[in-house]
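# Examination of the molecular architecture
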Amino acid sequence: MKNEKFRKWFLIGAFFVTVMAVYSPMVATQFYHEISGAPIAIDGKMDLSDCDPYHEIFMDGQWEFYWEQFIVSNPGQKLKTAYIANVPDNWSNYNIDGESLPAGGYGSFRLILNNLSYSDEIVLYIPEFGGAYRVYIDRHLVAKSGTATMNMNRIFTTPQADLYPTILSPSPTHEVVIEMATTRFSGLYIVPILCDYHQTWLEIHTCGSIRLILFGVALFAFVSLMSMYLFSFRHKIHTFWMPLLILFILIRMMLTTQFYSFWQPIVFFNMSFESTNELMYFVTFALKYLLIFLIQEHCGMVFSKKEKIGFLLYYIFLYIIYLIVPHAFYNQNLSILVPSLTFVLDIYLFIKVLRWRTRINKYGMITFVGETFIIIGLAVNSFYVNGKIYQNMSLTMMIFFTLFEVIMLWVYSRRMGDLYDDFTISASRLQIAGKLIAMQKEYFETLSRQMNEIREIKHDINHFTHVMLGLVEEGNLDRLRTFLDEYCEKSRIDQLPIFCEHTICNSIIGHYYLRAKEYGILFETHCSIANQTAMSDSDLCIILGNGLQNAVYACKQMDLSQPRFVKIEIMILKGQLLIKITNSYQGKLNIKDGRYISLKGDNSHGLGIRNMTKVMENYGGLLKIEHTESIFTLMAAVPEQ
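Remember, predicted model here, so these are calculated numbers, not experimental data.

In this section: the sheet that holds strand S8 (residues 122-125). In a beta sheet, neighbouring strands pair by backbone hydrogen bonds and run either parallel or antiparallel. Taken in spatial order, the three strands make up an open sheet running S2-S13-S8, and their pairing is antiparallel. Edge strands, defined here as strands with exactly one partner in the open sheet, are strand S2 (57-58) and S8. The pairing of S2 with strand S13 (residues 193-196) spans two bridges and is classified as antiparallel. Across the sheet, the residue bridging to Phe58 is Ile193, located in S13.

Written out as structure tokens, the structure reads:
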């Protein structure tokens, strides 16, 4: 009950932490100016009094917008009327001459900066932006990304920006112009940043190094998981979806705006970033769908065929909407809605896990944490690259994805360790089963010898009777007494006792009774157990066999002058099967990290007690060990129901 309550509040806490992690940056961005007091552009002008570009200045607000004009690189043209456009925003949200602007096209954004003074090198660029652009400060090129051209067929986009620092003139007024072109992203939806060049260069290169390290860790985790998968596939503990899930995670990392430029010429055939958008959405939707199988396998949740097909059709429907809806309409109305609808599955998974929390498998809770990392990474990245978050979240998705892979690597390593332990325990159980057979064989051979001796005595009884009758008739009582003494001595049989009704239990106790008798050890039993118990014969053999073997061995190692005894008690009390084995010992124990290690000098290393502990866990029972300087006690309690 306590564990169930913990799981309930843990899951609820994880849900709220996920919501806070996703929406806190958005809320901070929404109230950015109220919180920070930073300036905002109004009617194409921004007052930067008391602003230091050493710290990033977000250039959001109202910019002048010139549709289908490059006002710096094409100076000979006659400038058309300037419109006021919000930055960040999509230009497809605006109408010119009564018509909505398309998703693809080109134009210029212009902003006048007043009272900006800075003596060091300065730069202005658009981080994590998927369109092609050129940025000018006072008509000097300071940043460039891709190929921004008036010819739609020649526009080439890449998220990487080339930066060219500049020194501001002494003038208190400066002009910023951004010329940009896009085939589908419709405008300046990411806020530009004005900052110190050297600080920006250091930050960009530091983030790049961190990305490579994170990707290296993720790739290592992928290779390790694949190795474990291939090793354990024939044991049927893994399914095909896990390598596929990790592969999609790696591809999704490579498709991020923060990392795509590195892989653009290596993996994606130097495709324009905008042209990979369909692939990015497909990978994201597939990655989300595969979470069903993650929760099913590692949390123990059962998903029906109807549920799997239903969500598969749901994601196919969302993807088709993305493919067929015109880009301008999508950017204007669906760019946030469609990605948000993908999280319906995540909410469903949370409700399902919360509802069936008592059935969560071992390592299920840590796997659920990993699943929330995927959700946080995808959600934050989606909002960030759509301009809804100002703060630098460029590494968020890669960090959370890498954490997920590390968690799954740990989970699979533990599962492989459990598999190894199961193999070890299974081998030990086979060994115990062999010992049990040998015990039963020895016990029944002893019974057989006694029966043969009785049969021989019965066979000769008639001869003995005639001899005794003759001696009586002769009146030779002294001779008769001598004859009877010899006969009693010859026919004396040490009867093997019956310890309990349970056949297997009786044979095990009988075996160690004979060993104890052989070594001169006092052996006392008080057993009251039916032939059928809640424990299987093999598990009962593990408890009794290991317990009595250790007890007899401990007594055997004692000096003959010391009292040596083994006492076993078995009974049913208050609905529990109770087993208690008490023995004397010489006072030496090998305990390492809280575990009892064997003193036999063989390769068992305490496997007996580990096996017994495993059996008790399977039955929801309890194994307890107590010891003084001379007495060792092993107690086991198993519920009969």
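What follows deals with the packing of aromatic side chains. One pass over the full model with this rule turns up 42 aromatic pairs. When the centroid spacing of 5.2 Å and the interplanar angle of 80° are considered together, the rings of Tyr32 and Phe58 count as edge-to-face. Of the two residues, Tyr32 sits in helix H2 (residues 32-36) while Phe58 sits in strand S2, which places them 26 residues apart along the sequence. Judged by relative accessible area, which is 13%, Tyr32 ranks as buried.

Right, let's talk about the nonpolar core for a bit. Among the nonpolar cores identified, the biggest contains 130 residues, and Phe109, Ile178 and Leu194 are the most heavily contacted of them. Element by element, the count of residues in this core is highest for helix H12 (residues 364-385), at 13 residues. Apart from residues no more than four positions distant in its own chain, Ile178 is found in contact with Trp63, Gly107, Ser108, Phe109, Leu124, Ile126, Tyr133, Arg134, Val135, Leu188 and Pro192. In terms of nonpolar packing, the next biggest core, distinct from the first, is built from 43 residues, Tyr512, Phe523, Cys527 and Leu548 among them.

This part takes up the environment of Val552. Position of Val552 among the secondary structure elements: in helix H16 (residues 537-556). Discounting chain neighbours no more than four positions away, the residues touching Val552 are Tyr512, Arg515, Tyr519, Ile521 and Val566.

So, how was this worked out
Residues numbered from 1 in each chain as written. Predicted model: local features only at pLDDT ≥ 70, side-chain atom pairs only at ≥ 80, totals over all residues. Heavy atoms only, no water. Pairing = 2+ DSSP bridges. Helix = DSSP H or I, 4+ residues; strand = E, 2+ residues; numbered from the N terminus. Phe/Tyr/Trp six-rings, centres within 6.5 Å; stacked < 30°, edge-to-face > 60°. Buried < 20%, exposed > 50% of the residue type's maximum accessible area, 1.4 Å probe, protein only. Core = buried A, V, L, I, M, F, W, Y, C linked by side-chain atoms within 4.5 Å. Contact = heavy atoms within 4.5 Å.

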